[in-house]
Amino acid sequence: EDKVVQSPLSLVVHEGDTVTLNCSYEVTNFRSLLWYKQEKKAPTFLFMLTSSGIEKKSGRLSSILDKKELSSILNITATQTGDSAIYLCAVLYYGGSQGNLIFGKGTKLSVKP
Amino acid sequence: DAGITQSPRHKVTETGTPVTLRCHQTENHRYMYWYRQDPGHGLRLIHYSYGVKDTDKGEVSDGYSVSRSKTEDFLLTLESATSSQTSVYFCAIKRDNMDTQYFGPGTRLTVL
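Residues numbered from 1 in each chain as written. Chains lettered and ligands numbered in written order. Predicted model: local features only at pLDDT ≥ 70, side-chain atom pairs only at ≥ 80, totals over all residues. Heavy atoms only, no water.

We now examine the overall build of chain A. A tally of helices and strands in chain A yields zero helices and 11 strands. Helices (α) and strands (β) of chain A occur, in sequence order from the N terminus, as β-β-β-β-β-β-β-β-β-β-β. In terms of C-alpha radius of gyration, chain A reaches 14 Å, essentially the compact-globule figure of 13 Å for 113 residues. Its C-alpha atoms give chain A principal-axis dimensions of about 45 × 30 × 20 Å. Out of the 113 residues in chain A, the part that is buried amounts to 43%. Within chain A, contacts between residues separated by at least 24 positions form 54% of all contacts whose residues are at least 6 apart in sequence. With an accessible surface of roughly 5700 Å², chain A has 50% of that area assigned to carbon and sulfur atoms. Charge separation in chain A, taken as the distance between the mean sites of 13 positive and 10 negative side-chain charges, equals 5 Å. (Helix = DSSP H or I, 4+ residues; strand = E, 2+ residues; numbered from the N terminus. Rg over C-alpha atoms; globule rule 2.2 N^0.38 Å. Buried < 20%, exposed > 50% of the residue type's maximum accessible area, 1.4 Å probe, protein only. Contact = heavy atoms within 4.5 Å. Areas by Shrake-Rupley, 256 points an atom, 1.4 Å probe, with all protein chains shown as cover. Lys, Arg positive; Asp, Glu negative; His and termini not counted. Charge placed at Lys NZ, Arg CZ, Asp CG, Glu CD.)

Here is the structure:
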């Protein structure tokens with residue numbers, strides 16, 4: 001059975017800390033891995049990773065995919081209270097006429113002032 | 001903003017009643033999706049559509065049906081709501097030739 005596992009499930013840090021969120025997957029017909037941020041509303045897209053070893057970066061957030069280890073990490077440096085959210089990892093796989101997403105359960109990040 | 005709206009945004013209903021949730025998009029995308037999100041389960045795919053009148057089942061489709069008679073609207077129907085269908089429902093779209101899905105604001109449904 002295809003699955004996406006995120007760890008840790010929750011994390012509490014203080015402003016200024018650096019955090020690393022993990023995502024591992026067992027998915028047949030892997031196509032790409034996506035990260036989303038979800039505050040008290042809809043998930044918003046952060047990154048899509050298709051190739052191993054190529055870092056994607058946006059401000060203090062960065063992410064990289066390791067297809068050999070079937071995993072990805074999301075790093076957030078110099079955390080701020082506005083980074084508090086649930087971070088979702090999803091894997092896009094080929095299925096039928098088009099690809100679909102399998103989501104992990106998310107990592108809930110709380111950043112304390 | 002991918003031009004997605006969902007209605008209603010909140011609904012409380014009773015067990016056994018039919019419920020229809022609407023997803024509306026303004027950008028003519030072919031692919032549309034319905035997910036439910038529950039604590040401890042993350043987002044799970046209910047149904048998806050790859051064009052007008054073209055739909056398929058997702059991981060948790062039991063108890064749900066969908067219809068897509070126009071490109072811009074994707075309807076999710078609970079024929080006879082049950083308490084286990086209490087959830088937050090998200091609609092998503094995907095642009096052609098791109099892999100990223102963009103989500104609507106969600107509908108919080110409570111079945112008493």
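Right, let's talk about the packing of aromatic side chains for a bit. For the structure shown, the criterion picks out 13 aromatic pairs over all chains. Relative to A:F103, the ring of A:Y36 lies with its centre 5.9 Å away and its plane at 45°, an arrangement referred to as tilted. Pair noted here: A:Y36 is in strand β4 (residues 30-38) and A:F103 is in strand β10 (residues 98-103), with a separation of 67 residues, a long-range link. When its relative accessible area of 7% is taken as the criterion, A:F103 is described as buried. Aromatic side chains A:F103 and B:Y35 sit 5.6 Å apart centroid to centroid with 85° between the ring planes, which places their arrangement in the edge-to-face category. Here A:F103 is found in strand β10, whereas its partner B:Y35 is found in strand β4 (residues 31-38) on a different chain. Taking the relative accessible area as the measure of exposure, B:Y35 reaches 0% and is therefore buried. A cation over an aromatic ring shows up here: B:R95 above the ring of B:Y102, its NZ or CZ 4.7 Å from the ring centre. (Phe/Tyr/Trp six-rings, centres within 6.5 Å; stacked < 30°, edge-to-face > 60°. Lys NZ or Arg CZ within 6 Å of the ring centre and 35° of its normal.)

Attention now goes to the sheet that holds strand β8 (residues 73-78) of chain B. Residues and elements named next belong to chain B. The antiparallel open sheet is built from four strands, whose spatial order is β1-β3-β8-β7. Bordering the open sheet on either side are β1 (4-7) and β7 (64-70), each of which pairs with just one other strand. Neighbour-to-neighbour, the strand axes of this sheet turn through a mean angle of 20°, independent of strand direction. (Pairing = 2+ DSSP bridges. Axes fitted to C-alpha atoms, helices over the stretch in contact; angles between N-to-C directions.)

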